[in-house]
Amino acid sequence: MEDLPRRATPDDLSRVNLGDPQTFADHDLSDYWRTLRASRPLYRHPAVGNSPGFWVLSRYDDIVALYRDNTTFTSERGNVLITLLGEGDSAAGLMVPVTDGHRHKELRNVLLQAFSPRVLSRIGEHVRRTTRTLLAAAVDRGACDFALEVASKIPMATICDLLGIPPQDRDYLLTLTKSAISSDDQGEYSEAADAARNNILQYFLGLVEERRIAPQDDVVSVLANSTIDGEPLSEDEIVLNCYSLILGGDATSRLAMIDAVHSFSANLDQWAAFKSGEVSAKQATEEVLRWASPTMHFGRTVVQDTEIHGTPIPAGDVVTVWNVSGNRDERVFADPNRFLIDRSPNKHIAFGHGPHYCIGAYLARVEISEMLLALRDFTTGFEISGPVHRIYSNLLTGISSLPVRFEPVSAEVEELVL
Ligand code: HEM
């Protein structure tokens, strides 16, 4: 999808179909979200074809309140539109993002054990080295497709480190995840993708057996050797939670890094402030996350009759929350439609909030800030040098192809790598 100027939202709100990836490809929805936030904070999205209607929350405070409350709302019938309006999620009750209650808390705690400071520091070091090596090579070449040649290589390498995937298996797993996830991005079913997903799960089963015998410092070992309420995790739970790290952590971080380059090239004053050291990478990273909001929405199903803005919402209804809108809420962010890297405070909701708050937030922040630091150290600037292509999705937003020309710093870039 090329980044042509997109049309503004139609005046008739009900003509915007949030379930259709084409809507996001064709339209700039800023006016739509502004209108909903101002006058329809609880909006009933109409049913379209066989797809039932659902509720839409667009204000920051309402979104945070829903994320917080996993008693009135559940993720166990899916947490994104495609599953919420379809057949539900087959991993419900097994995989952390689509499990609630006691089991969710326990499973999440098991996963978190694998994110120990020692492991995170080792992985952070690896992220730094990979990022600087890839970017140095790209700057040396003078130009590249930043999305394909740099950003796409970092998150999967990071997740493989976290999972403890042996180096010789990584290319195999990468090929499988590409074909498993590409159809998810498009919201389509494909047999090849289904087969690839099965092969990934099979692969993890094999690795689980190895790690039971010889545990290491990685997620697979932790999952394979943990118990909840005195019982070991089931095989399904182990492999699905390994897979959930790939699902949660690959495209999201990649899209945020790509957006950083795109946004800096369109806001040269912000690049100058970052390059001069006036603003830290830590602070700039938060604005990149708010601005990019790679996951546009999440959602829940109501399990106890409730009320939002005075409207009764019965059990069984689907309520969606739109991070893309909450992160531009003028009630919370001054000048929300400007990319301002020294924004403070910046309590964005790119990682969600509450009991399902993103487990990978620390790693995603490391990936983005290392990329910013490498850009600052190796280039004086960069510009977009060709057509930009956007991804096609109703869940994720961002760029899949970004041709960039770099202006290298005068020193030999290779000497600056580490
Ligand atoms: C949960 C966004 C990176 C793994 C979430 C949620 C959001 C989110 C909004 C909440 C979902 C919900 O409430 O239903 C992002 C963004 C990222 C990112 C924008 C990058 C910029 C990562 C990474 C990993 C990861 C790097 C893994 C290494 C997960 C998992 C959950 C989650 C496992 C489920 C947590 C739970 O349900 O308790 N993420 N994520 N994410 N994320 Fe991330």
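Residues numbered from 1 in each chain as written. Predicted model: local features only at pLDDT ≥ 70, side-chain atom pairs only at ≥ 80, totals over all residues. Heavy atoms only, no water.

**Points about the site of the ligand**
Moving on, step 1. The environment of the ligand is made up of 28 residues, and the closest members are H104, R108, R300, H356 and C358.
Moving on, step 2. G248 is positioned such that a nitrogen or oxygen atom in its backbone is 3.2 Å from a nitrogen atom of the ligand.
Moving on, step 3. Contact distances for the ligand include 2.5 Å between an oxygen atom and a side-chain N or O atom of H356.
Moving on, step 4. Of all the secondary structure elements, the ones that give two or more residues to the shell around the ligand are α5 (101-113), α12 (235-249), α13 (251-266) and β9 (297-302).
Moving on, step 5. Among the elements that line the shell around the ligand, the one with the most residues is α12, at 4 residues.
Moving on, step 6. A breakdown of the residues in the shell around the ligand according to their chemical character gives 14 nonpolar, 12 polar and 2 charged. (Near = heavy atom within 4 Å. Polar contact = N/O pair within 3.5 Å; in protein donor to acceptor, adjacent residues only side chain to side chain. Helix = DSSP H or I, 4+ residues; strand = E, 2+ residues; numbered from the N terminus. Nonpolar A, V, L, I, M, F, W, Y, C, P; charged D, E, K, R; others polar.)

**What about the coordination of the iron atom of the ligand?**
Moving on, step 1. Only one protein atom coordinates the iron atom of the ligand: C358 (SG), located 2.3 Å from the metal.
Moving on, step 2. Among the structural elements, C358 can be located in the loop between α16 (323-326) and α17 (361-378). (Donors = N, O, S within 2.8 Å, 3.2 Å for Na, K, Ca; no water.)

**Side note on the sheet that holds strand β3 (residues 42-45)**
Moving on, step 1. The 5 strands are arranged β3-β4-β12-β9-β5 in an open sheet whose pairing can be described as mixed. In this open sheet, the two edge strands, each paired with only one partner strand, are β3 and β5 (73-74).
Moving on, step 2. Summarising the sheet, strand β4 (residues 54-57) and strand β12 (residues 318-322) pair through 3 bridges and their orientation is parallel. Within β12, the position partnered with V56 by the bridge is T320.
Moving on, step 3. Its contacts with the sheet put helix α2 (residues 30-39) on β3, β4 and β12, and the angle it makes with β3 is roughly 125°.
Moving on, step 4. Against the sheet, helix α3 (residues 60-68) touches β4, β5, β9 and β12, its axis set at about 125° to β12. (Pairing = 2+ DSSP bridges. Contact = heavy atoms within 4.5 Å. Axes fitted to C-alpha atoms, helices over the stretch in contact; angles between N-to-C directions.)

**Describing α12**
Helical geometry note: an α-helix holds 3.6 residues per turn, so side chains three or four residues apart project in the same direction.
Moving on, step 1. An ideal rise of 1.5 Å per residue puts 21 Å on 15 residues; α12 measures up with 22 Å between its terminal C-alpha atoms.
Moving on, step 2. Restricting attention to buried positions, one finds in α12 the residues E237, I238, V239, L240, N241, C242, Y243, S244, L245, I246 and G249. (Expected span 1.5 Å × (residues − 1). Buried < 20%, exposed > 50% of the residue type's maximum accessible area, 1.4 Å probe, protein only.)

**Let's talk about the packing of aromatic side chains**
Moving on, step 1. Enumeration over the complete set of coordinates arrives at 15 aromatic pairs.
Moving on, step 2. Each ring, one from Y32 and one from Y43, has its centre 6.5 Å from the other, and the planes form 90°; the classification is edge-to-face. Residue Y32 is located in helix α2, and its partner Y43 is located in strand β3; the two are separated by 11 residues in the primary sequence. Across the pair, Y43 and Y32 agree in class, each one buried. (Phe/Tyr/Trp six-rings, centres within 6.5 Å; stacked < 30°, edge-to-face > 60°.)

**Things to note about empty space enclosed by the protein**
Moving on, step 1. Throughout the structure, instances matching the rule amount to 1 cavity of 30 Å³ or more.
Moving on, step 2. If you add up the space inside the largest cavity, you get close to 40 Å³.
Moving on, step 3. Around the largest cavity, the lining residues are H126, V127, T130, I154, A157, T158 and D161.
Moving on, step 4. Looking at the lining of the largest cavity, the elements that each hand over two or more residues are α6 (117-141) and α8 (154-163).
Moving on, step 5. In terms of residue count, α8 provides more of the lining of the largest cavity than any other element does, 4 residues in total.
Moving on, step 6. Looking at the lining of the largest cavity, its residues break down into 3 nonpolar, 3 polar and 1 charged. (1 Å grid on protein atoms, 1.4 Å probe; cavity = no way out; pocket = protein on both sides within 12 Å on 5 of 7 lines; lining within 4 Å. Points joined across faces, edges and corners; volume = space filled by probe spheres on them.)

**What about the nonpolar core?**
Moving on, step 1. Among the nonpolar cores identified, the biggest contains 87 residues, and L135, F146, V150, L163, F204, I246 and F406 are the most heavily contacted of them.
Moving on, step 2. Ranked by residue count, the leading element in this core is α17, at 11 residues.
Moving on, step 3. Setting aside residues no more than four positions away along its own chain, L135 makes contact with F146, V150, M371, A374, L375, F378 and F406. (Core = buried A, V, L, I, M, F, W, Y, C linked by side-chain atoms within 4.5 Å.)

**Things to note about the environment of F24**
Moving on, step 1. Examined against the element boundaries, F24 turns out to sit in helix α1 (residues 21-26).
Moving on, step 2. Residue F24 is classed as buried on the basis of its relative accessible area of 10%.
Moving on, step 3. Taking the C-alpha atoms as reference points, F24 and T397, separated by 373 residues in sequence, lie 8.2 Å from one another.

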